Amino acid sequence: MAKKGDYFGLPYIVSVILAIIPFTAWILGALTRFTEGKIVAGIIRLIGLGFILWIIDLILMLVSKHILRLLNI
């Protein structure tokens with residue numbers, strides 16, 4: 001059974017591939033936060049800190065299989 005990644009329950013390898021591509025990582029990171037009900041965190045992912053969060057998400061996806069959860073708002 002494939003391990004689940006952090007993007008909508010997709011398999012881990014698919015989540016890693018999507019995290020490598022900057023545009024999809026920004027959009028899917030924001031959508032993931034919106035679906036969790038974290039509106040402020042989703043907006044921050046869309047309008048600011050995109051590049052920094054992309055690098056951090058990529059590292060965390062490889063190490064811990066989850067994206068960064070900076071805000072729980």
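Above: the structure in question.
Heads up: these notes are all about the structure in this document.

Conventions we followed
Residues numbered from 1 in each chain as written. Predicted model: local features only at pLDDT ≥ 70, side-chain atom pairs only at ≥ 80, totals over all residues. Heavy atoms only, no water. Phe/Tyr/Trp six-rings, centres within 6.5 Å; stacked < 30°, edge-to-face > 60°. Lys NZ or Arg CZ within 6 Å of the ring centre and 35° of its normal. Salt bridge = Lys/Arg side-chain N within 4 Å of Asp/Glu carboxyl O. Buried < 20%, exposed > 50% of the residue type's maximum accessible area, 1.4 Å probe, protein only. Helix = DSSP H or I, 4+ residues; strand = E, 2+ residues; numbered from the N terminus. Contact = heavy atoms within 4.5 Å. Polar contact = N/O pair within 3.5 Å; in protein donor to acceptor, adjacent residues only side chain to side chain. Axes fitted to C-alpha atoms, helices over the stretch in contact; angles between N-to-C directions. Parallel < 35°, antiparallel > 145°, perpendicular 65-115°, else oblique.

## Topic: the packing of aromatic side chains
Here's step 1: Counting across every chain of the model gives 0 aromatic pairs.
Here's step 2: Of note, Lys 65 hangs over the ring of Tyr 12, and the distance from its end group to the ring centre comes to 4.9 Å.

## Things to note about the pattern of salt bridges
Here's step 1: One pass over the full model with this rule turns up 1 salt bridge.
Here's step 2: Among the salt bridges present, the one from Arg 33 reaches Glu 36, with a minimum N-O distance of 2.7 Å.
Here's step 3: A relative accessible area of 1% means that Arg 33 is categorised as buried.

## Points about the side chain of Arg 45
Here's step 1: In this fold, Arg 45 is placed in helix α3 (residues 39–47).
Here's step 2: Residue class for Arg 45 comes out buried when judged on its relative accessible area of 7%.
Here's step 3: Ignoring sequence-local partners within four residues, the contact set of Arg 45 consists of Gly 29, Ala 30, Arg 33, Leu 53, Asp 57, Ile 67 and Leu 68.

## Considering the environment of Arg 33
Here's step 1: With respect to the element layout, Arg 33 can be found in helix α2 (residues 22–35).
Here's step 2: Between the C-alpha atom of Arg 33 and that of Tyr 7, which follows or precedes it by 26 residues, the distance is 9.8 Å.
Here's step 3: One polar contact links Arg 33 to Glu 36, side chain to side chain, over a distance of 2.7 Å.

## Let's talk about the packing of α2 against α3
In helix packing, the relevant descriptors are the interaxial angle and the interaxial distance, both defined with respect to the helix axes.
Here's step 1: At a minimum axis distance of 7 Å, the contact between α2 and α3 shows a crossing angle of 170 degrees. Between α2 and α3, the angle is such that the two are roughly antiparallel. Touching Ile 27, Gly 29, Ala 30, Arg 33 and Phe 34 of α2 are Ile 39, Ala 41, Gly 42, Ile 43, Arg 45 and Leu 46, all from α3.

## Thoughts on the environment of Thr 24
Here's step 1: Examined against the element boundaries, Thr 24 turns out to sit in helix α2.
Here's step 2: On the basis of relative accessibility, which here comes to 22%, the residue Thr 24 falls in the partly exposed class.
Here's step 3: C-alpha of Thr 24 to C-alpha of Trp 54: the two residues are 30 residues apart in sequence and 9.8 Å apart in space.
Here's step 4: Those residues in contact with Thr 24, other than ones at most four positions away along the chain, are Leu 18 and Gly 29.

## Section: unusual backbone geometry
One can expect most non-glycine residues to show negative phi and most peptide bonds to be in trans.
Here's step 1: Of note, the phi angle at Lys 65 is positive, near 65 degrees, even though the residue is not glycine.
Here's step 2: If you trace the backbone, Lys 65 turns up in the segment after α4 (50–64).

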